[in-house]
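Commentary on secondary and tertiary structure
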Amino acid sequence: MPITKEQLLKHNRHVSLWVHSLNELSEEKWRKPVAENKWTVAEIISHLSAWDLYIIEHRLAIENEDFPISPDVEKFNNTAAEYAKIHSKETILNEFAVNRQKLIEYVENYDVQKIQTPFYRNLTILQYLGGFIEHDLHHQKQILDVI
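Now for a description of the structure that goes with this document. Only a predicted model underlies this, so the values are computations on that prediction, with no experimental measurement involved. (Residues numbered from 1 in each chain as written. Predicted model: local features only at pLDDT ≥ 70, side-chain atom pairs only at ≥ 80, totals over all residues. Heavy atoms only, no water.)

Turning next to helix H5 (residues 89–109). Its 21 residues give H5 an end-to-end C-alpha distance of 30 Å, which sits within 8% of 30 Å, the value for a rise of 1.5 Å per residue. Among the residues of H5, Lys89, Ile92, Leu93, Phe96, Asn99, Arg100, Leu103, Ile104 and Val107 are the ones counted as buried. Summarising the axial view, the buried residues of H5 lie within an arc of 140°, below the 170-degree limit, and thus occupy one face. Those residues of H5 that are exposed and angled more than 90 degrees off the buried face are Glu90 and Asn109. Packed against the buried residues of H5 are helix H1 (5–21), helix H2 (27–30), helix H3 (41–60), helix H4 (73–86), helix H6 (112–115) and helix H7 (125–146). (Helix = DSSP H or I, 4+ residues; strand = E, 2+ residues; numbered from the N terminus. Expected span 1.5 Å × (residues − 1). Buried < 20%, exposed > 50% of the residue type's maximum accessible area, 1.4 Å probe, protein only. Arc of directions from axis to C-beta. Contact = heavy atoms within 4.5 Å.)

Below, the discussion takes up the side chain of threonine 40. Among the structural elements, threonine 40 can be located in the loop between H2 and H3. Judged by relative accessible area, threonine 40 falls into the buried class, the value being 12%. If we skip the residues at most four places from it in the chain, threonine 40 touches Trp30, Arg31, Lys32, Pro33 and Val34.

Structure follows, in structure tokens:
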């Protein structure tokens, strides 16, 4: 069953609130890898934030459907992880909050026709953004398993 605009908004608001709650984590838990040779909580949140910003700037903000080529995913993810290593929890959480709120506002402002019209790789905006729900939930589970 396809996702609705309301379900997408509810998910993103829930994730935003949950990420905000991570402010309560100790620095030790914030910098703890979720498993051996895996990212830390900080690196995961930085990764999510970076992808939110990419989606906003390189997919949703493109009006003429002249989308740039997707970045090298490994390099992009490594850059986000490295960023988390040198920035504070407050910075990472604030950037996530700002980027996720922008994403929510984009969805809120789309009318029914636009959100259901194919726009990227023949996916509608709902389908495209809905695909990131599993990504969020995967990383949320990783974090919950270690905190």
